[in-house]
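# Examination of the molecular architecture
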Amino acid sequence: VLYILVISAMMPNNLFRKGAEILLMVNGAYCITDIAFGLRTTHAFVCNRLKMLERNGIISFEKQGRIKVINLTRKGEIIKTHLQGIKALLHSGL
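Let us look at the structure shown here. Quick caveat: nothing in here was measured; it's all calculated off a predicted structure.

Reading the values: the criteria
Residues numbered from 1 in each chain as written. Predicted model: local features only at pLDDT ≥ 70, side-chain atom pairs only at ≥ 80, totals over all residues. Heavy atoms only, no water. Axes fitted to C-alpha atoms, helices over the stretch in contact; angles between N-to-C directions. Helix = DSSP H or I, 4+ residues; strand = E, 2+ residues; numbered from the N terminus. Left-handed = near helix turned anticlockwise from the far one by under 90°. Contact = heavy atoms within 4.5 Å. Nonpolar A, V, L, I, M, F, W, Y, C, P; charged D, E, K, R; others polar. Patch = residues over 30% accessible without salt bridge, like charges linked within 9 Å, V, L, I, M, F, W, Y side chains within 5 Å. Areas by Shrake-Rupley, 256 points an atom, 1.4 Å probe, with all protein chains shown as cover. Salt bridge = Lys/Arg side-chain N within 4 Å of Asp/Glu carboxyl O. Lys, Arg positive; Asp, Glu negative; His and termini not counted. Charge placed at Lys NZ, Arg CZ, Asp CG, Glu CD. Core = buried A, V, L, I, M, F, W, Y, C linked by side-chain atoms within 4.5 Å. Buried < 20%, exposed > 50% of the residue type's maximum accessible area, 1.4 Å probe, protein only. Phe/Tyr/Trp six-rings, centres within 6.5 Å; stacked < 30°, edge-to-face > 60°. Lys NZ or Arg CZ within 6 Å of the ring centre and 35° of its normal. Arc of directions from axis to C-beta.

## Describing the packing of helix H3 (residues 32-39) against helix H4 (residues 43-55)
Relative to each other, H3 and H4 sit at 115 degrees, their axes nearing to 9 Å. Of the two elements, H3 crosses H4, and the hand of that crossing is right-handed. For the pair H3 and H4, the contacting residues are Ile32, Thr33, Ile35 and Ala36 in the first and His43, Val46, Cys47 and Leu50 in the second. Residues of the contact of H3 with H4, tallied by class, amount to six nonpolar, two polar and no charged.

## Some points on a positive patch on the surface
Taken together, the side chains of Lys51, Arg55, Lys63, Arg66 and Lys68 make up a positively charged region of the molecular surface. Along the chain, Lys51 turns up in helix H4.

## Observations regarding the nonpolar core
The tendency in soluble globular proteins is for nonpolar side chains to be buried side by side. With 20 residues, the main nonpolar core has Ile22, Leu23, Ile35, Val46, Leu50, Ile59 and Ile70 as its most contacted residues. Where this core is concerned, the elements lending two or more residues are helix H2 (14-25), H3, H4, strand E2 (67-72) and helix H5 (74-92). Looking at this core element by element, the count peaks at five residues for H4.

## Things to note about the packing of aromatic side chains
Ring pairs (aromatic) are described by centroid distance and by the angle formed between their planes. Across all of its chains, the model carries zero aromatic pairs by this definition. The cationic tip of Lys68 hangs over the ring face of Phe61; the distance from NZ or CZ to the ring centre is 4.9 Å.

## Comments concerning H3
Every buried residue of H3 is listed here: Ile32, Ile35, Ala36 and Leu39. Take H3 and look down its axis: the buried residues cluster within an arc of 100 degrees, on one side only. At the exit of H3 stands Arg40, carrying a positive phi of roughly 55 degrees.

## Describing the environment of Ile79
Here Ile79 shows up in helix H5. The spatial distance from the C-alpha of Ile79 to the C-alpha of Ile58 is 8.1 Å, given a sequence separation of 21 residues.

## A closer look at the environment of Lys87
One can find Lys87 in helix H5. Since its relative accessible area comes to 42%, Lys87 is described here as partly exposed. Expressed as a C-alpha distance, the spacing of Lys87 and Leu24, which sit 63 residues apart in the sequence, is 10.0 Å.

Have a look at this one:
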């Protein structure tokens, strides 16, 4: 999974890049609709990506009324930190 996420951060293809962007957006304050709106993609696309991340132990869902709040697990926090570093390197021009 980490390999797929690292590749997705570097690939120009929206399908892969948006998967990494979803992970970078998750901070407990977002629900699926907020992420879909922020990335200008469909709710279904975000749901599918989040299900994959949940199956791999990277995120967990917390139900608050009608809204599912997305939280990173310890594993997810580590991956997000690495992705942020990769993103910073890519934008620095090294």
